[in-house]
Amino acid sequence: MTILLVTGLLAKSIVEEQAKLCKYPTKVIVLNIPVASLMKPLFIAMNIKKYITPDVELVIVPGLVQGDIRIIEKEINVKTVRGPKNAADIAYILNNFGI
């Protein structure tokens, strides 16, 4: 099982740090947009399709993404959830509250 962590350019380093601290296998996907919270669900879905492999069981999008993220699930056929509002909380949330 692999978790995809989707982020933008500005939060890349924080999300990569947090991914290393997670007890689950993760991959960080950095989309070509500076501020992750400005991403729209359809934009995310269209840009992460190429990263979806059979081992990916969960996609975590930035917590401040607005809109219906079920659009992403429908497009990529993988469970998708919002992450924490602060990227520095990713490992804490995943390691302590499960997925």
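Residues numbered from 1 in each chain as written. Predicted model: local features only at pLDDT ≥ 70, side-chain atom pairs only at ≥ 80, totals over all residues. Heavy atoms only, no water.

Peer 1: What is the right way to look at the packing of helix α1 (residues 12–21) against helix α4 (residues 90–97) in this model?
Peer 2: Pairs of packed helices are described in terms of their axes, by the angle between the two and the distance that separates them. Close contact between α1 and α4 brings their axes to 8 Å; oriented N to C, the two are set at 25°. Here α1 is positioned roughly parallel relative to α4, judged by the angle of their axes. Two packed elements cross with a definite hand, and for α1 against α4 that hand is right-handed. Between α1 and α4, the residues in contact are Val15, Gln18 and Leu21 and Ile90, Ala91, Tyr92 and Asn95, respectively. Partitioning the contact of α1 with α4 into residue classes produces five nonpolar, two polar and no charged. (Axes fitted to C-alpha atoms, helices over the stretch in contact; angles between N-to-C directions. Helix = DSSP H or I, 4+ residues; strand = E, 2+ residues; numbered from the N terminus. Parallel < 35°, antiparallel > 145°, perpendicular 65-115°, else oblique. Left-handed = near helix turned anticlockwise from the far one by under 90°. Contact = heavy atoms within 4.5 Å. Nonpolar A, V, L, I, M, F, W, Y, C, P; charged D, E, K, R; others polar.)

Peer 1: I would appreciate a short explanation of the packing of aromatic side chains in the present structure.
Peer 2: One pair of aromatic rings is described through two measures. These are the centre distance and the angle between the planes. In this structure the tally under the stated criterion is one aromatic pair. When the ring of tyrosine 92 is compared with that of phenylalanine 97, the centres are 6.0 Å apart and the planes differ by 75°; the resulting orientation is edge-to-face. (Phe/Tyr/Trp six-rings, centres within 6.5 Å; stacked < 30°, edge-to-face > 60°.)

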